[in-house]
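Structural description and commentary
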Amino acid sequence: MSQPRKETIECPHCHKEGVFEYWALVNVDLAPELREKVFSDELFMYHCPHCGEVMGIAAGTIYLDIRHKFVLFFEFNKPDGYDYAPMELPGTLDMYKGYTLRAVFGLQRFKEKIVILERGLDDVVIERQKYMISHISKPEIARKGYELFFEKKEEPDGEFPCGKIFFSYNDEEKQQTIELGLAMDNYYEHSLACKLDPRMKAKGCMCVDDGWMARQMMRE
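Note that the structure is predicted; figures quoted are calculated from it, not measured.

Moving on to the environment of F150. By the element assignment, F150 lies in strand β9 (residues 149–154). F150 sits 75 residues away from E75 along the chain, and the two C-alpha atoms are 20 Å apart. Every residue in contact with F150, bar those within four places of it in the chain, is listed here: E112, V115, I116, L121, I126, K130, I165, F166 and F167.

This part takes up the pattern of salt bridges. Tallied over the full model, the rule gives 17 salt bridges. Two residues, E21 and K6, come together in a salt bridge whose shortest N-O distance is 2.9 Å. Here E21, found in strand β2 (residues 17–23), pairs with K6, found in strand β1 (residues 4–10); they are 15 residues apart in sequence, far enough to count as distant. Owing to a relative accessible area of 58%, K6 belongs among the exposed residues under this scheme. Salt-bridge contacts for R102 lead to D123; the nearest nitrogen and oxygen are separated by 2.6 Å. With R102 in strand β8 (residues 100–105) and D123 in helix α3 (residues 123–137), this residue pair connects regions lying 21 residues apart in the sequence. You can call R102 buried: its relative accessible area is 6%. Among the charged side chains, a salt-bridge network with shared partners connects K78, R109, E147, D209 and D210.

All right, on to the packing of aromatic side chains then. This model, assessed by the stated rule, comprises 12 aromatic pairs. Arranged with centres 5.6 Å apart and planes meeting at 90°, the rings of Y63 and F110 form a pair that is edge-to-face. Here the residue Y63 occupies a position in strand β6 (residues 61–65), and F110 occupies one in helix α2 (residues 107–118), the gap between them amounting to 47 residues. Residues Y63 and F110 agree in their burial class; the two are buried. An aromatic cluster is built from F44, Y63, F70, F74, F76 and F110, whose rings are joined through pairwise contacts. For the cation-ring pair, K152 lies above F166, with the distance from its terminal atom to the ring centre recorded as 4.9 Å.

Cut-off values and rules
Residues numbered from 1 in each chain as written. Predicted model: local features only at pLDDT ≥ 70, side-chain atom pairs only at ≥ 80, totals over all residues. Heavy atoms only, no water. Helix = DSSP H or I, 4+ residues; strand = E, 2+ residues; numbered from the N terminus. Contact = heavy atoms within 4.5 Å. Salt bridge = Lys/Arg side-chain N within 4 Å of Asp/Glu carboxyl O. Buried < 20%, exposed > 50% of the residue type's maximum accessible area, 1.4 Å probe, protein only. Phe/Tyr/Trp six-rings, centres within 6.5 Å; stacked < 30°, edge-to-face > 60°. Lys NZ or Arg CZ within 6 Å of the ring centre and 35° of its normal.

Below, the structure is given as structure tokens:
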């Protein structure tokens, strides 16, 4: 179950000690309010009881969603020289066979991964779709070093019988967020491509992000 550990923190502003509640495990089925704390960043914020200063704490967590059958092993920073090998997991996780298991680095990617898997989408398909948009359809995204993120999926309507899927990226030159919308048919085309391509198999607990997809695309 979700239980916080209490860690003593020294405030860098007033240098007095306080207690930070560190959530090593977040089970959103038992404590759904913790999902909102992830998306508001509050789960990773320390509020100094002495001077009122608020600061972020780079504390990773395990995020468990039983309803949608996924487990995310989240850390703020990707290790130097990360090789994208599957994570070695303890035997206690055998009960989660059939779940999507992922290592995730970076808070925005963590939030994105939650939304993707809550929507019942395949994150490998999404990463392939993002890769093709960034490098083929709109290569200026990759050329300028921008990162594309999944935003949302819309329900079918008269114009788009299969619905629409949206991505966005932060254009630093224009200083605005650019949103890209595509028919869901595009997602299904990438889904078929992933089924036919043995490079698109993410076995075990993998980190499936733009770096992983780039490595897989370069394989023969």
